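Below are the chains, spelled out letter by letter.
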Amino acid sequence: MDIEVLSKNNELKEESYSFDLRRDQNVVMTNKFIEGRWTLDIITSRVFFMALAMVHDTHTSETQYVIEIKKLKDFIEYKGNSLYASCRSCLITMAKTLIEVKTNDKYSWEAVQLIVKPKISSNHEGYIAFQFDSSLLPHIKDFKNELDQIEPYTSIKLSDILQFKCMYSMRLFFLIKQYQKLVSKRIMSIVEIRSYFDLDKTSINGYESDKHKAFKDLNSRVLKPAIKELNLVFM
């Protein structure tokens, strides 16, 4: 995966949006996207959802999203030694990751790419930039499907998302939040959880993801830590 490295003299194109670092913004995703098969590391997840909070109905697949590296450090509470290297790694991960999302035929899936045209400035105090792939836009914008219906969606505060330190906790929170206004509790089978967390198959992203096959392993390494963090965050 090639990332364009821009010099100080390179200019971003006109249709670009800089993140204003407002934690009270909402991240809006279709329920199909929330229930898709995917996993991202926690730093990449934070950067991705920060960008989702920037999306406006007037944006298109040509809209470029820009996040300043210096501001990013405090916003995602980065504790490592090289934020620039981590940002570059995030761009590569987002550009390579495909998410499996159910179609209107409940037995079918489609592959959704996250971003295209990733860029990073050569100046380590500069910025990262990218565009969302056209296949992702129907899952993060208020688009109608082929039946002329609005896809059911869930809106989550960015500030809530950024509190998580574990990807599984974040995903579990999304799945609970999805039906919060409809039911008092949500029941999910182990088969469903393994699917949502991308643990039960040969991934379309090219790696074996048959992880934590035994329930004892799944419970101790995934479920219990995720539930523990959820309780800590929202007590």
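Reading the values: rules and limits
- Residues numbered from 1 in each chain as written.
- Predicted model: local features only at pLDDT ≥ 70, side-chain atom pairs only at ≥ 80, totals over all residues.
- Heavy atoms only, no water.
- Helix = DSSP H or I, 4+ residues; strand = E, 2+ residues; numbered from the N terminus.
- Expected span 1.5 Å × (residues − 1).
- Buried < 20%, exposed > 50% of the residue type's maximum accessible area, 1.4 Å probe, protein only.
- Arc of directions from axis to C-beta.
- Core = buried A, V, L, I, M, F, W, Y, C linked by side-chain atoms within 4.5 Å.
- Contact = heavy atoms within 4.5 Å.
- Axes fitted to C-alpha atoms, helices over the stretch in contact; angles between N-to-C directions.
- Parallel < 35°, antiparallel > 145°, perpendicular 65-115°, else oblique.
- Nonpolar A, V, L, I, M, F, W, Y, C, P; charged D, E, K, R; others polar.
- Disulfide = S-S within 2.5 Å.
- Polar contact = N/O pair within 3.5 Å; in protein donor to acceptor, adjacent residues only side chain to side chain.

Enquirer: Please explain helix α4 (residues 83-96) as it appears in this structure.
Expert: Helical geometry note: an α-helix holds 3.6 residues per turn, so side chains three or four residues apart project in the same direction. Between its first and last C-alpha, α4 extends 20 Å over 14 residues, near the 20 Å set by a 1.5 Å rise per residue. Along α4, the positions that sit buried rather than exposed are L83, Y84, S86, C87, C90, L91, M94 and A95. Around the axis of α4, the buried residues are gathered within 170° of arc, so they sit on the same side.

Enquirer: Would you take a moment to explain the nonpolar core for this structure?
Expert: If you look at the biggest cluster of nonpolar residues, it comprises 65 residues, and the most contacted ones within it are F48, F49, F132 and F174. Not counting residues up to four positions away in its chain, the partners in contact with F132 are F48, A51, L52, V55, S61, T63, Y65, L114, I115, V116, L137 and I140.

Enquirer: Looking at this structure, I do not really get the packing of helix α6 (residues 167-178) against helix α8 (residues 215-234). What am I missing?
Expert: Axis angle and axis distance: for two packed helices, these are the angle between their axes and the distance between the axes, and together they describe the pair. In the contact formed by α6 and α8, the axes pass within 8 Å of each other and the chain directions differ by 70°. Here α6 lies roughly perpendicular to α8, going by the angle between them. Two secondary-structure elements touch here, α6 through Y168, S169, L172, F173 and I176 and α8 through V222, P225, A226, I227, E229, L230 and F234. Here the contact of α6 with α8 is composed, by residue class, of 10 nonpolar, one polar and one charged.

Enquirer: Explain the state of the cysteines here, please?
Expert: One way to say it: the disulfide is the covalent bond shared by the sulfur atoms of two cysteines. Scanning the entire structure with this criterion turns up zero disulfides. Considering cysteine sulfurs only, C90 is the nearest to C87, which forms no disulfide, with 6.1 Å between them.

Enquirer: I keep staring at unusual backbone geometry and nothing clicks. Help me out?
Expert: Of all residues except glycine, most have a negative phi; of all peptide bonds, most are trans. The backbone phi angle of K117 is positive, close to 50°, even though this residue is not glycine. Along the polypeptide, K117 turns up in strand β7 (residues 115-121). Judged by relative accessible area, which is 47%, K117 ranks as partly exposed. Phi angles above zero are rare outside glycine, and D198 is one such case at about 60°. Note that D198 resides in the loop between α7 (190-196) and α8.

Enquirer: How should the environment of Q25 be read in this particular structure?
Expert: Along the polypeptide, Q25 turns up in the loop between β2 (16-18) and β3 (26-30). Remark: the alpha-carbon pair of Q25 and A53, spanning 28 residues in sequence, is separated by 6.0 Å. Engagement of the side chain of Q25 in a polar contact is seen with the backbone oxygen of A53, the distance being 3.4 Å.

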